[in-house]
Amino acid sequence: MRAEALAIYKEDLAVNRALGRFGAELLAQSVTVLTHCNAGALATAGDYGTALGVVRAARDAGKKIAVFADETRPFLQGSRLTAWELQKDKIPVTVIADNMAATVLRSGRIDCVIVGTDRTAANGDVANKIGTYPLAVMARRHNVPFYVAAPLSSIDLDCATGDQIPIEERSGLELTEFKGKQVAPKGVATFNPAFDVTPHELVTAIITERGVAFPPYIESLKKLKEPA
């Protein structure tokens, strides 16, 4: 069991490093990235991550890179985890509230958006942490590239579109309480989906460990998933 666990660890780290290198090639020599939720070392094996793997690979390639991190309501993975990782790695990071993203994108400070994915459909629809979809809409509105870091293991060719991806709904207490303290009226109705689906037409490119997929994704993802 120990040997198998170490093998999985090494495989995942190699995947993330390869994905990171392909993603870094998309970035300019000096770049500011906006990200959402946590797709870093804390969400994967090793010390690299997927979306943050692209950031780390860019840094390792000698590029000047900075990150704006959405706080990612309601569980604050961006401000609690992503910001911690980047600060620990001495990569400049600025935390913003989710509802500030449009203003920051409009300001021209952001060169691209990079997010992770929990599951990606065959047509390129992307399921990720709630708030990813509006971020993609805003990126398109302001002509900012929207990249998805997706290990091939997260791409499901048997899932035709994002409409087939079930979305988890979590406890409303995540919305009505903070650290055990009531912040909304007791008994109020809540709706708390944990993920949303970003339509493929809003995705500029999908970065994998075998290369970068561009539209039409139904063809490019299938090609990348073919056995080597």
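All of the points below concern the structure found in this document.

Rules and cut-offs
Residues numbered from 1 in each chain as written. Predicted model: local features only at pLDDT ≥ 70, side-chain atom pairs only at ≥ 80, totals over all residues. Heavy atoms only, no water. Pairing = 2+ DSSP bridges. Helix = DSSP H or I, 4+ residues; strand = E, 2+ residues; numbered from the N terminus. Axes fitted to C-alpha atoms, helices over the stretch in contact; angles between N-to-C directions. Contact = heavy atoms within 4.5 Å. Buried < 20%, exposed > 50% of the residue type's maximum accessible area, 1.4 Å probe, protein only. Lys, Arg positive; Asp, Glu negative; His and termini not counted. Salt bridge = Lys/Arg side-chain N within 4 Å of Asp/Glu carboxyl O.

## Observations regarding the sheet that holds strand β7 (residues 146-149)
Then comes step 1: An order of β3-β2-β1-β4-β7-β12-β13 is seen for the seven strands of this open sheet, with the pairing classed as mixed. In this open sheet, the two edge strands, each paired with only one partner strand, are β3 (93-96) and β13 (211-213). Strand-to-strand twist of the sheet, defined as the mean angle between neighbouring strand axes without regard to direction, takes the value 25°.
Then comes step 2: Contacts from helix α1 (residues 2-24) reach β7, β12 (205-208) and β13 within the one sheet, and its direction differs from that of β12 by about 145°.
Then comes step 3: Against the sheet, helix α7 (residues 217-225) touches β12 and β13, its axis set at about 155° to β13.

## Some remarks on the side chain of D98
Then comes step 1: Along the chain, D98 falls in the loop between β3 and α4 (101-106).
Then comes step 2: The buried charged residue D98 lacks any salt bridge partner; its closest oppositely charged side chain belongs to R73, at an N-O distance of 6.4 Å.
Then comes step 3: When near neighbours in sequence (up to four residues on either side) are disregarded, D98 contacts H36, D70, E71, T72 and R73.

## Notes on the side chain of Q77
Then comes step 1: Within the fold, Q77 resides in helix α3 (residues 77-88).
Then comes step 2: Among the residues examined, Q77 registers a relative accessible area of 10% and is labelled buried.
Then comes step 3: For Q77, the residues in contact, after removing those within four places along its chain, are C37, N38, E71, T72, T82 and K129.

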